[in-house]
Amino acid sequence: MKIAMIGQKGIPVIHGGVERLVATVATEMDKTRFDVAVWALVSGGEIADELTAQGIEVRILSMANCYAPGNILKLARLLARHRPVIVHSHGYFAQTLGRAAAMMARVPVNIVHYHSTFHGLSPVNMAIDRFLNQFTQGIIVISDGVKRSFEQAGYDLKNACVIYNGV
């Protein structure tokens, strides 16, 4: 089963947070059941090299403008060509582009991963995110506090799964 994990601003040199979680999930997946690829929207880095050395496909998509509608179409075409069964995205822009493109490419399962308490999104960004949640098969939050922060911002997360970040 093919899985495309889409990250927000690439895989920077720093070791921690979202990038480390993505790397750990990608390398620890059961390789007899899953064919995992990590797609970075903007750039790569040291963790990209680490993943490649471990046999994980890493794609650098060079999509510096996450607001460009053409990038959704580009990503949808790539997903349609590679035909993953699951798209698992991390970070607001990756989640927005990833879910919209996965819907267009008819990817069966769309999963988002909320890593931090709700903050900083404009009302338009929140409306887009809540709209896309209606077409998202899985929502993962890293703590009860993160879940509460999104619920307080008007998100319906009753079906969200809390998976504590042990990375």
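The model shown is predicted, which means the values in this text are computed figures rather than measured ones. (Residues numbered from 1 in each chain as written. Predicted model: local features only at pLDDT ≥ 70, side-chain atom pairs only at ≥ 80, totals over all residues. Heavy atoms only, no water.)

Quick question: what am I supposed to make of the overall build of the protein here?
Scanning the protein from N- to C-terminus turns up six helices and seven strands. Reading the secondary structure of the protein in the N-to-C direction produces β-α-β-α-β-α-β-α-β-α-β-α-β. Here the protein holds 167 residues, and 47% of them are scored as buried. Restricting the contact set of the protein to residue pairs at least 6 apart, pairs at least 24 apart contribute 63%. In the structure as shown, the protein presents an accessible area of about 8400 Å², 57% of it carried by carbon and sulfur atoms. (Helix = DSSP H or I, 4+ residues; strand = E, 2+ residues; numbered from the N terminus. Buried < 20%, exposed > 50% of the residue type's maximum accessible area, 1.4 Å probe, protein only. Contact = heavy atoms within 4.5 Å. Areas by Shrake-Rupley, 256 points an atom, 1.4 Å probe, with all protein chains shown as cover.)

Would you mind going over unusual backbone geometry with me for this structure?
In terms of backbone geometry, most residues other than glycine have negative phi values and most peptide bonds are trans. One non-glycine residue with positive phi stands out, namely R83, at about 50°. Secondary-structure assignment places R83 in the loop between α3 (69-82) and β4 (86-90). Even without being a glycine, R106 presents a positive backbone phi close to 60°. Positionally, R106 belongs in the loop between α4 (92-104) and β5 (109-114). Looking at R106, the relative accessible area reads 75%, which means it is exposed.

I keep staring at the confidence of the model for the protein and nothing clicks. Help me out?
Predicted coordinates in areas of low pLDDT are best not read in detail. When pLDDT is averaged across the protein, the result is 85; 89% of the residues are at 70 or more. Throughout residues 10-15 the model reports pLDDT below 50, and contacts reaching past four residues in sequence, or to other chains, amount to 25 contacts. (pLDDT = per-residue confidence, 0-100.)

Is there a simple way to explain the nonpolar core in this structure?
Buried together is how nonpolar side chains tend to be arranged in soluble globular proteins. Within the largest apolar cluster, 19 residues are counted, with the highest numbers of intra-cluster contacts made by W39, L41, L61, L75, L79 and V107. Those elements giving two or more residues to this core turn out to be β2 (35-40), α3 and α4. Looking at which element gives the most residues to this core, the answer is α4, with six residues. Contacts of L61, omitting those with residues within four sequence positions, involve W39, A40, L41, K74, L75 and L78. (Core = buried A, V, L, I, M, F, W, Y, C linked by side-chain atoms within 4.5 Å.)

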